[in-house]
Amino acid sequence: MILDRLFGGVNANVMDALERALDGVELTRADAQLLLDTEGADFQALLRAADVARQEDVGNDVSYVVCRNMNFTNVCYVGCSFCGFARHKDEDDAYDHPMEVLIEKGRDAVARGATEFCIQAGIHPNKDHTHYREILTTLKAEFPEVHIHAFSPEEIDFGHRKSGMDLAEYLQWLVAAGLGTMPGTAAEILDDEIRQVVSPRKLGRDRWIEIVKAAHSIGLRSTSTLMYGHIEETRHVAAHLDLLREIQKETGGFTEFVPLGFIHEKNTLFNHLGARPGSSMAEDLKLIAVSRLFLRPWITNIQVSWVKMGPKLGQMALTAGANDFGGTLMEESISRESGSQYGENCPPEEMRRLIREVGRPPVERSTTYRILRRFDDPAKDPPSLEPERLVELSGPARWRLQEQRSA
Ligand code: SF4
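What you see is a predicted model; the values in this text were computed from it and never measured. (Residues numbered from 1 in each chain as written. Predicted model: local features only at pLDDT ≥ 70, side-chain atom pairs only at ≥ 80, totals over all residues.)

1. Observations concerning the overall build of the protein
Thinking step 1. A tally of helices and strands in the protein yields 17 helices and eleven strands.
Thinking step 2. Relative to its length of 407 residues, the protein is compact, with a C-alpha radius of gyration of 21 Å against a globular reference of 22 Å.
Thinking step 3. By principal-axis analysis of the C-alpha atoms, the protein measures approximately 65 × 50 × 40 Å.
Thinking step 4. Here the protein holds 407 residues, and the buried ones make up 48% of them. (Helix = DSSP H or I, 4+ residues; strand = E, 2+ residues; numbered from the N terminus. Rg over C-alpha atoms; globule rule 2.2 N^0.38 Å. Buried ≥ 20, exposed ≤ 12 C-beta atoms within 10 Å, placed from the backbone.)

The structure is reproduced here in structure tokens:
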């Protein structure tokens, strides 16, 4: 009776798609589009179904990884229209960190408990494949225990073309130097018409697929991502999810799916090319919920990006199908420079607080989703590794490193 009152107004086609998803039947692209367009009671039913699916797929734990971003250069001439990070090499705030700076950042990260370095940067025209390898060998020599998650398919494409090697051979050469996994970024929307507007000089859809499949074929796993909330329509999102699911069926190499909302304030795509001003709250939650239902059982880790969504909407996403809160990051700059206001660092203790506030148990994981530590009892939490270095701010940017505030 009460269920009739709660779900009586749900569209019959939506209800049918949700039932099939919960019965383990693969959803079609048309189903994904239908669910991405839901509103009102249909939208509420979608979130509830995705939460049930999440519980069945991966249980109640919410994972996070203690990691540090290292964006070793912001010099880039690729010119993606959504990017607020890239600089010309002669601009005042252009940088190209030497190895000593990366080592220093690594030391700081390890002191704060990092198990992963996440390394991505601009495409510096004066570098070549040897630079990528030098970063790996330098950091591995100093920090052999730390997992290196590095180089987007765009960076792999650039280095590979300079190397003259076979693609699999090039990837193996990087793995031998210490590459552990690869970010599945530079995907944006895997549709060349959309890419003509958002990233016309970046690698195309087929090349992205080629690189990701080649990586998976040598055992180099990657994340999978999507950037939404700009000029795409729901049919593009549905096709993108379908493509990722097909790749996963073939290779099994994706560790997770991370929907990334477009940050619009400071870039050409919004200011000059007619993009929407990012995603709405409802779109953010629908992306999480639909990806949970559509990608099961092939990709079962659905990650929230707290940098894009902010901590409170991120918490809501944990009740709409997500099971992972991403990384601590320590030094986020790519989203910030496009206008994100949610800070650069989410310390482990803040991660655990946010997760517990929605009634779920936090667990620290490795890059490849091995559970490293459980935190079932808050009274037994370890002390913070960084209290003196952080200031807590009012407003959405909750934490900032002391030296960055005074810089
Ligand atoms: S998104 Fe990456 S490749 Fe594109 S302009 Fe920015 S830094 Fe360069």
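2. Side note on the site of the ligand
Thinking step 1. In the vicinity of the ligand, the contacting residues are Cys-76, Val-78, Gly-79, Cys-80, Cys-83, Phe-85, Ala-86, Gly-122, Ile-123, Glu-154, Ser-199 and Lys-202.
Thinking step 2. Class assignment of the residues belonging to the shell around the ligand gives a composition of seven nonpolar, three polar and two charged. (Near = placed C-beta within 6 Å. Nonpolar A, V, L, I, M, F, W, Y, C, P; charged D, E, K, R; others polar.)

3. Topic: the nonpolar core
Thinking step 1. One finds Leu-35, Ala-50, Phe-117, Ile-119, Ile-288, Ala-289 and Leu-293 to be the most contacted residues of the largest nonpolar core, which totals 108 residues.
Thinking step 2. Considering every element that reaches this core, the biggest residue donor is helix H13 (residues 281–295), with eight residues.
Thinking step 3. If sequence neighbours within four positions are ignored, Phe-117 has contacts with Cys-67, Arg-68, Met-70, Gly-106, Ala-109, Leu-139, Val-146, Ile-148 and His-149. (Core = buried A, V, L, I, M, F, W, Y, C linked by C-beta atoms within 7 Å. Contact = placed C-beta atoms within 7 Å.)

4. Considerations on helix H6 (residues 129–142)
Residue pairs spaced three or four apart in an α-helix point in one direction, given the helix's 3.6 residues per turn.
Thinking step 1. Between its first and last C-alpha atoms H6 spans 21 Å; for 14 residues at 1.5 Å apiece the expected length is 20 Å, and the two agree.
Thinking step 2. Listed in full, the buried residues belonging to H6 are His-129, Tyr-132, Ile-135, Leu-136 and Leu-139. Projected down its long axis, H6 shows its buried positions confined to an angular sector of 130°, all on one face. Of the exposed residues in H6, the ones pointing more than 90 degrees away from its buried face are Thr-130 and Ala-141.
Thinking step 3. The secondary structure elements touched by the buried residues of H6 are helix H5 (99–111), strand E3 (116–119), strand E4 (147–150), helix H7 (153–163) and helix H8 (167–176). (Expected span 1.5 Å × (residues − 1). Arc of directions from axis to C-beta.)

5. Let's talk about the confidence of the model for the protein
Thinking step 1. Of all residues in the protein, 95% have pLDDT values of 70 or greater, and the mean over the chain is 93.
Thinking step 2. Across residues 403–407, confidence stays below pLDDT 50; counting only partners more than four residues off in sequence or on other chains, it has two contacts. (pLDDT = per-residue confidence, 0-100.)

6. Regarding the sheet that holds strand E1 (residues 62–65)
Thinking step 1. Judged by pairing direction, the sheet is mixed, and its four strands sit side by side in the order E7-E1-E8-E9 without closing on themselves. Of all strands in the sheet, those bounded by a partner on one side alone are strand E7 (324–327) and strand E9 (371–374). When the angles between neighbouring strand axes are averaged without regard to direction, this sheet yields 25°.
Thinking step 2. As judged from the two bridges shared by E1 and E7, these two strands associate in the parallel manner. Counted as the bridge partner of Val-65 is Gly-327 from E7.
Thinking step 3. Along the sheet, helix H16 (residues 348–357) makes contact with E1, E7 and strand E8 (362–365), crossing E8 at roughly 140°. (Pairing = 2+ DSSP bridges. Axes fitted to C-alpha atoms, helices over the stretch in contact; angles between N-to-C directions.)

7. Things to note about the environment of Ser-224
Thinking step 1. Within the secondary structure, Ser-224 sits in strand E5 (residues 222–228).
Thinking step 2. Judged by the 29 C-beta atoms lying within 10 Å of it, Ser-224 falls in the buried class.
Thinking step 3. Residues Ser-224 and Ala-94 lie 130 residues apart in sequence; the distance between their C-alpha atoms is 29 Å.

8. Some thoughts on the sheet that holds E4
Thinking step 1. Ordered by their spatial adjacency, three strands build an open sheet running E2-E3-E4, and the pairing between neighbours is parallel. This sheet does not close on itself; its edge strands, each paired only once, are strand E2 (67–70) and E4. Each strand of the sheet is rotated relative to its neighbour by a mean of 20°, with strand direction disregarded.
Thinking step 2. When E3 meets E4, the two strands line up parallel, connected through four bridges. Bridging across to E4, Glu-116 finds its partner in His-147.

9. With respect to unusual backbone geometry
Thinking step 1. For the peptide bond that leads from Arg-296 to Pro-297, omega is 0°, which places it in the cis range.
Thinking step 2. Mapped onto the secondary structure, Pro-297 falls in the loop between H13 and helix H14 (306–309).
Thinking step 3. A positive phi angle, close to 70°, is found at Leu-329, a residue other than glycine.
Thinking step 4. Along the chain, the position of Leu-329 falls in the loop between E7 and H16.

10. Details of the environment of Gly-229
Thinking step 1. Within the element layout of this structure, Gly-229 appears in the loop between E5 and helix H11 (234–251).
Thinking step 2. Between the C-alpha atoms of Gly-229 and Ser-279, which are 50 residues apart in sequence, the distance is 4.3 Å.
Thinking step 3. Excluding anything up to four places from it in sequence, Gly-229 contacts Gly-261, Phe-262, Arg-276, Gly-278, Ser-279 and Glu-283.

11. Considerations on the pairing of E4
Thinking step 1. Here E4 shows no split at all, with His-147 and His-149 on one side and Ile-148 and Ala-150 on the other all buried.
Thinking step 2. Once you follow E3 into H6 and on to E4, the crossover reads as right-handed. (Right-handed = clockwise from strand over helix to strand, strands pointing away.)

12. Focus: helix H2 (residues 12–22)
Thinking step 1. Within H2, the full set of buried residues consists of Val-14, Ala-17, Leu-18 and Ala-21. All buried residues of H2 lie within an arc of 95° about the axis, which places them on one face of the element. Along H2, the residues that are exposed and aim more than 90 degrees away from the buried face are Ala-12 and Glu-19.
Thinking step 2. Those residues of H2 hidden inside the fold are in contact with helix H3 (29–36), helix H4 (40–58) and H13.
Thinking step 3. Positive backbone phi, at 85°, marks Gly-24, one or two positions downstream of H2.

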